[in-house]
Amino acid sequence: MDDESIINNFLNIVDNDKDISNGIAAIKTLLLVLEKSNFCTIQELVNTIKSAIGVLKKSGRPITSIASSCELFMCFILTISSPKVDRFTMDEVKKIMTNRGQTFLKKLLCSRDVIARHAVDFITDGCRILTIGKSRVVYEALKAAAAQNKHFNVFVTMSSIDNEGFQMVEDLKKLNIDSTLILDASIGYIMESIDFVFCGAEGVMESGGIINRIGTYTTALCAKEMSKPFYVLTESFKFSRLYPLNQKDIPNNYNYIQKISDGSNSRNAHPLVDYTPPLFITLIFTDLGILTPSAVSDELIKLY
């Protein structure tokens, strides 16, 4: 597949399924590349997949989850020891890797349901929850709680990058969940009256901190100051081996749109994401279980 076909397939997957994350769409695209590629050696296959990953990172979509999911996908499909590889033809190797990739994808597609089951016990009748913009996994947790006839209030920040908070509130109201859209600047005002924060993540760093839409760090700071639990709900395919220490350590291609991350002056550009250190995170709800931020590095060792 050429670069244009890879981009078009990826964008078609994202555009045709509004509930799919960029990371899952990237994995589906890599599976398609794997199925349509012909190769004579394992190294040739690796180079083909790496090239496709490079193309996906330039798709114009936020790349935090794309980068981590693609790296895990590579790791998962290549876990065939060298002695065993020698016994197979390249067609057989391709079939094995394709099957591994499909198994990996099926597991990831169940992630949100698993996370929702972990998180729903923390939602009680009458509680007040603050969430940041629109998060698909947070939505699933709230949906699961509503299905158990729990009655609670949700406050959703507008999220001024793309104003996705509007859509989150509309989706919650369709489930008859009491939800209120608030200005991003009113986080401090509303924080003292809420019980906890539910937050999604674009990426979970090896430190246990998260990269997420801009404004997350501000919310976490406010929650910490007011002694409110700050819970992160995220899939394990978003775990990354990056280890930022502050905002300046976020790679440019994570932080800005493509034309700026490629070298244009970013001084006056608005960052898309920020980094929230583990100090401000209470628990991380994942498909691997409920983790403390310090446990993320151990899980990354297992994953890789």
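The rules behind these values
- Residues numbered from 1 in each chain as written.
- Predicted model: local features only at pLDDT ≥ 70, side-chain atom pairs only at ≥ 80, totals over all residues.
- Heavy atoms only, no water.
- Pairing = 2+ DSSP bridges.
- Helix = DSSP H or I, 4+ residues; strand = E, 2+ residues; numbered from the N terminus.
- Axes fitted to C-alpha atoms, helices over the stretch in contact; angles between N-to-C directions.
- Contact = heavy atoms within 4.5 Å.

Caption draft 1: Spatial organisation of the sheet that holds strand S6 (residues 210–213). Strand order in the open sheet made by the 3 strands is S5-S6-S8, with antiparallel pairing throughout. Where the open sheet ends on each side, the last strands, each with one partner, are strand S5 (203–204) and strand S8 (273–276). Two elements, S6 and S8, share 4 bridges in a ladder whose sense is antiparallel. Considered in S8, the bridge of isoleucine 210 is made with threonine 276.

Caption draft 2: Quick look at the sheet that holds strand S7 (residues 230–233). If you walk across this open sheet you meet the 7 strands as S3-S2-S1-S4-S7-S9-S10, and the pairing is mixed. A strand with exactly one partner marks an edge of an open sheet, and here the two such strands are strand S3 (178–182) and strand S10 (289–291). Neighbour-to-neighbour, the strand axes of this sheet turn through a mean angle of 25°, independent of strand direction. Pairing geometry for strand S1 (residues 128–131) and strand S2 (residues 153–157), over 4 bridges, is parallel. When the sheet's bridge partners are listed, leucine 130 is paired in S2 with phenylalanine 155. Each of S1, strand S4 (196–199) and S7 is contacted by helix H11 (residues 216–225), which is oriented at about 145° to S7, the strand it contacts most.

Keep in mind these numbers describe shape, not what the thing actually does.
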